[in-house]
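Descriptive analysis of the structure
Each chain, written out:
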Amino acid sequence: MAFAVIGATGRVGSLVVKHLLGFHEAVRVLVRDPGKAHRLFDAVGGDLDVRAVPLDDRSAIDAALEGVRVAFIAMGSVGLEGNLQRLIVDAAARSPSLEQVVRLSVLNSGPSSLGLNQQGHWSIDFAAEALGLPYTTIRPSVFSASVLAAAAEIRSERTWTGLADTGRVALCDHRDVAEVAVRILRDSTTWGTHYDLTGPRLVSWPDVAALISVELGASVEFRVIPDRTLVYRMIDAGVPPSKAELLVTREWAILRGENEHTTETISELLGRPPRTVEKFLRDYIDYFR
Ligand SMILES: NC(=O)c1ccc[n+]([C@@H]2O[C@H](COP(=O)([O-])OP(=O)(O)OC[C@H]3O[C@@H](n4cnc5c(N)ncnc54)[C@H](OP(=O)(O)O)[C@@H]3O)[C@@H](O)[C@H]2O)c1
């Protein structure tokens, strides 16, 4: 078995599985909901092994990694998901067959970022290094797809409520991230490095609201509310508290200008420029109508 994907039913993980199958690679997915995996991947066909694996069960992870050469992990970094990632990293470091773990992290990961996501990913890398795990990270900037979280509000009220009315990010398209992951997973000469990925240009949330307005032909206003009000608003809407905190600290990091740079990594690895935020909005505009 060449590849295992953990977080295989998520936004990036599912695209990675589809691309690997498209390259006729053998893929094992470690999932909590096999039905979801079959719905996502059965139509693609190919050499797919769906395993229901409780990620808090050490012997189940060991068994699922048996014979796997390269693993990809695309899960969250805080709360339960962060802890499960640490358990997977621990199991991977014990695996006799694994040659490389490629982990989806985040741009600017480190202990001094204001972002909880950046701190969480840094602490998982800390564990990976301490365990001597052979690994690579892919560290994208905020995904263009993050804007979809505001889609329902934009549809109904033509407003977008957040915090960061200043500060810019070179938004990254998750489809590029998946393509980069597949490029790295299949090419051992790229292993052992940290790859910082960004989109082509820096934009603020109000800039993105203006771009959505152009695509929609209707004005969308970016509206700022106090941090605490935003956290309660998200929790009332059903967002888990750890995710709400993560999202508010992401805004703090943006306001502080932590993400204000671009890299050429996507072009270097894929041989073409990254997708623009305009391209993402055109492809997903129906979510905002
Ligand atoms: N969003 C951004 O702007 C951004 C930017 C840069 C980096 N990142 C990083 O990207 C990663 C998230 O990628 P994504 O958007 O592809 O994630 P996602 O869509 O949220 O997918 C998460 C995956 O983890 C699985 N999962 C969650 N909890 C689980 C549990 N308790 N047991 C087993 N599986 C579990 C989910 O399974 P189910 O399908 O069953 O729920 C899903 O397959 C994070 O590490 C984040 O830091 C995100």
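For the structure, see preceding data.
Quick summary incoming for the structure in this document. (Residues numbered from 1 in each chain as written. Predicted model: local features only at pLDDT ≥ 70, side-chain atom pairs only at ≥ 80, totals over all residues. Heavy atoms only, no water.)

**Structural notes on the sheet that holds strand 4 (residues 70-73)**
Reading across the sheet, the seven strands line up as 3-2-1-4-5-6-8 and stay open at both edges, with parallel pairing between neighbours. Only two strands of the sheet have a single neighbouring strand rather than two, namely strand 3 (48-52) and strand 8 (194-197). Going across the sheet, the axis of each strand differs from the next one's by a mean of 15 degrees, ignoring polarity. Pairing of strand 1 (residues 3-6) with strand 4, which is carried by four bridges, proceeds in the parallel orientation. Across the sheet, the residue bridging to Phe-3 is Val-70, located in strand 4. Strands strand 2 (27-31) and strand 3 of the sheet are contacted by helix 2 (residues 34-41), whose axis makes an angle of about 160 degrees with strand 3. (Pairing = 2+ DSSP bridges. Helix = DSSP H or I, 4+ residues; strand = E, 2+ residues; numbered from the N terminus. Axes fitted to C-alpha atoms, helices over the stretch in contact; angles between N-to-C directions. Contact = heavy atoms within 4.5 Å.)

**Examining the environment of Gly-46**
With respect to the helices and strands, the residue Gly-46 is situated in the loop between helix 2 and strand 3. C-alpha of Gly-46 to C-alpha of Val-27: the two residues are 19 residues apart in sequence and 8.7 Å apart in space.

**A word on the packing of aromatic side chains**
For the coordinates displayed, the defined rule picks out five aromatic pairs. Considering the side-chain rings of Phe-280 and Tyr-284, the 4.3 Å spacing of their centres and the 15 degrees angle between planes classify their relative orientation as stacked. Here Phe-280 pairs with Tyr-284, and both are found in helix 12 (residues 277-284), just four residues apart, close to one helical turn. Of the two residues examined, Phe-280 and Tyr-284, each falls in the buried class. Note on Tyr-284 and Tyr-287: the rings are 5.6 Å apart at their centroids and 35 degrees apart in plane angle, and the pair reads as tilted. Note on Tyr-284: relative accessible area 17%, which makes it buried. Its guanidinium or amino end placed over the ring of Phe-23, Arg-186 lies 3.9 Å from that ring's centre, counting from NZ or CZ. (Phe/Tyr/Trp six-rings, centres within 6.5 Å; stacked < 30°, edge-to-face > 60°. Buried < 20%, exposed > 50% of the residue type's maximum accessible area, 1.4 Å probe, protein only. Lys NZ or Arg CZ within 6 Å of the ring centre and 35° of its normal.)

**A word on the side chain of Thr-159**
Residue placement: Thr-159 occurs in strand 7 (residues 159-162). A polar contact of 2.7 Å, which involves the side chain of Thr-159, links it to the side chain of Glu-153. Not counting the four nearest positions on each side in its chain, Thr-159 is found in contact with Glu-153, Ile-154, Val-220, Glu-221 and Arg-223. (Polar contact = N/O pair within 3.5 Å; in protein donor to acceptor, adjacent residues only side chain to side chain.)

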